[in-house]
Every structure is written in C-alpha cells, then in structure tokens.
Amino acid sequence: MILDIVIDVLLVAIVVIGAIVGIKKGFIKMAAKPVKFVASIALAFAICTSVADGFITPLIEAPITNYVSNFLYENCANLTAENAVEELPTLLKIAAAVFNIDVGEVTAGAGNAVLDAIVENLTAPVINVVSVIISFILVYLVATLVFSIVLAIINAIFSSGIFGVLNKILGFVFTGAVAFIASWALAVVLEFVFHLPMLEGVELINEFNGGFIYSFFNTYNPIELLLSF
C-alpha cells in the first residue's frame with residue numbers, strides 16, 4: 001500500500017514539475033538550445049563546402065603545398081618513379097591510402113618531376129578535407145552566435161504581454177507532454193521490473209497492486225498492446 005502511494009506521488013510529481021518548469025521558462029527559452037544546435041549544424045553542413053572553396057582553401061593551399069614541397073626537396077630528393085612507393089614518407093603514404101591515390105601511377109609518367117607530381121596529387125585532397133573541416137567549425141561557431149542573438153531577441157519579445165502568456169502556455173503544454181510521456185515510460189519500466197524473477201520474494205513488491213495513476217499508465221502498456229495483436 002505504501003509503495004502504491006509513493007509511486008503514484010512520484011508519477012504525478014514528474015508531470016507537475018515538468019509543467020511548472022514549462023510555465024516558468026516558457027517555450028522559446030526551452031526550445032532555444034536544441035533549435036540553435038540543430039540549425040547551426042544544418043547550416044554548417046549546407047555551406048561548409050562553399051565556404052571552404054571560396055575562403056579557406058585559397059588561404060591554406062599555398063602554405064601547405066610549399067611546406068610539403070620544401071620538405072620533400074630537402075629530405076627526399078632521391079625519390080624516383082621506381083622507389084617512390086617504398087621511400088615515400090609514412091604520412092604521405094597514409095594520405096595516399098586514405099584518398100585512394102596510386103603513387104606508382106602518379107610518378108610513372110612524371111619523368112624528372114616526380115616530387116612535383118607527388119606534391120600536386122597528394123596535397124590537393126588533404127587541403128580540401130582540411131579546408132572543409134575548418135570551414136565547418138567556423139560556420140558552426142558563427143551560426144551559433146547569430147542564432148543565440150536572434151533567439152534571445154525573440155525570447156525578449158515573448159517575455160511579456162499577450163506574447164508572454166502565449167509563450168508560457170506553449171511551454172506548459174510542451175513540457176507537460178514530455179513529462180507525461182516520461183511518467184508513462186517510468187510506469188511501464190517499473191511494471192517490467194516488478195515482474196522480474198529475482199524480486200518475487202520481496203514482500204514490499206508482492207504487496208504492490210499499483211495505485212490509480214500507475215494503473216492508468218499501464219492500461220496502455222506498449223508491451224501489452226503488442227501482445228494483444
């Protein structure tokens with residue numbers, strides 16, 4: 001009997017607390033974080049390639065290419081078409097493997113310009129990937145800042161007057177619904193737990209019949225609904 005009351009109180013408390021939080025914070029303030037995150041990620045995915053091609057690649061292409069070229073000319077001047085596959089630095093071998101570049105094919109027709117051919121073919125895809133990653137991070141950060149400002153302005157508009165009331169009502173409905181689903185899920189899980197064989201000898205569990213709220217939620221237990229078909 002005690003457990004019946006405790007669980008019913010807990011289930012009701014979850015719904016009430018959720019509704020109170022919704023009224024207090026309002027819908028816009030609660031939705032701001034997930035909306036900001038999803039919108040920023042979506043925008044970053046949508047335009048990172050364009051930003052990379054237009055801004056990032058031109059900035060980093062020459063420095064990276066020159067660095068790799070200077071490194072090869074200083075440390076691998078003896079590379080030829082015959083030994084390039086074996087003598088190529090490990091990092092460049094990894095880059096060739098990742099981007100499916102056949103070093104032997106690249107150097108086969110290069111003649112005396114083996115190093116230039118390696119630099120041209122191996123740095124281009126690396127630069128492209130690095131540019132996209134950098135642009136994605138930059139766009140995400142800028143978008144997060146912009147969306148934060150926009151949502152803060154919207155939240156300020158919907159914090160008072162008729163808009164404020166509407167904002168609180170929507171917050172109440174939204175968090176109330178989420179809390180209701182959470183309580184329902186908890187009741188369903190408890191119904192499953194209470195029927196575990198290891199709990200059969202527990203007196204408190206054996207005396208549990210389920211209060212009104214608990215029984216209401218388990219009337220629509222998804223497991224029972226599935227078994228009913």
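Presented here is an overview of the structure given in this document. On a predicted model such as this, the values are computed, not experimentally measured, just so you know. (Residues numbered from 1 in each chain as written. Predicted model: local features only at pLDDT ≥ 70, side-chain atom pairs only at ≥ 80, totals over all residues. Heavy atoms only, no water.)

**What to know about helix 2 (residues 27-75)**
Helical geometry: 3.6 residues make up each α-helical turn, so side chains three or four residues apart lie on a common side. Stated precisely, the cut-off is as follows: Helix and strand labels come from DSSP, where a helix needs a run of H or I of at least four residues and a strand needs a run of E of at least two; each type is numbered from the N terminus. Any helix carries an expected span of 1.5 Å times its number of residues minus one. Bend at a given residue is defined as the angle between two axes, one fitted to the seven residues that end at that position and one fitted to the seven that begin there.
Across its 49 residues, helix 2 extends only 62 Å between first and last C-alpha, which sits more than 12% below the 72 Å expected from 1.5 Å per residue. When the local axis directions of helix 2 are compared, the greatest deviation, roughly 55 degrees, occurs at Ile56, which is followed within four positions by the proline Pro58.

**What to know about helix 6 (residues 114-157)**
The first and last C-alpha atoms of helix 6 sit 64 Å apart over 44 residues, in line with the 64 Å expected at 1.5 Å per residue. Helix geometry: helix 6 is bent most strongly at Thr123, by close to 30 degrees, with proline Pro125 lying one to four residues after it.

**Notes on a nonpolar patch on the surface**
Heads up, the rule is: A patch consists of residues whose relative accessible area exceeds 30% and which take part in no salt bridge; residues with like charges are grouped when within 9 Å of each other, and nonpolar side chains (Val, Leu, Ile, Met, Phe, Trp, Tyr) when within 5 Å. Areas reported as accessible are Shrake-Rupley estimates using a 1.4 Å probe. Residue values count occlusion only from the protein chains shown. The salt bridge criterion pairs a side-chain nitrogen of Lys or Arg with a carboxyl oxygen of Asp or Glu, the two atoms within 4 Å. For every residue, the accessible area obtained with a 1.4 Å probe (protein chains only) is divided by the maximum for its type, and the residue is called buried under 20%, exposed over 50%, and partly exposed between those limits.
Residues Ile23, Leu145, Ile149, Ile153, Ile157, Ile162, Phe163, Val165, Ile169, Phe172 and Val173 make up a contiguous nonpolar surface patch of roughly 1000 Å² in combined accessible area. Of all elements in the fold, only helix 6 and helix 7 (161-194) reach the threshold of two or more residues within the nonpolar patch. No other element matches helix 7, which puts six residues into the nonpolar patch. Position of Ile169 relative to the elements: it lies in helix 7. What makes Ile169 partly exposed here is its relative accessible area of 45%.

**Quick look at the packing of helix 2 against helix 6**
Heads up, the rule is: Structural elements are reduced to axes, namely lines fitted to C-alpha atoms, with helices fitted over the stretch in contact, and the angle between N-to-C directions of any two is expressed from 0 to 180 degrees. Any angle between 65 and 115 degrees counts as roughly perpendicular, while under 35 counts as roughly parallel, over 145 as roughly antiparallel, and the rest as oblique.
At a minimum axis separation of 1 Å, helix 2 and helix 6 run at an interaxial angle of 155 degrees. The orientation of helix 2 with respect to helix 6, classified from their angle, is roughly antiparallel.

**What to know about the packing of aromatic side chains**
Selection criterion: Here a Phe, Tyr or Trp ring, Trp counted by its six-membered ring, pairs with any other such ring whose centre lies within 6.5 Å, and the pair is stacked when the planes are under 30 degrees apart, edge-to-face when over 60, and tilted otherwise.
Tallying each qualifying case throughout the model produces six aromatic pairs. Put simply, the rings of Phe180, Phe216 and Phe217 pair up and form one aromatic cluster.

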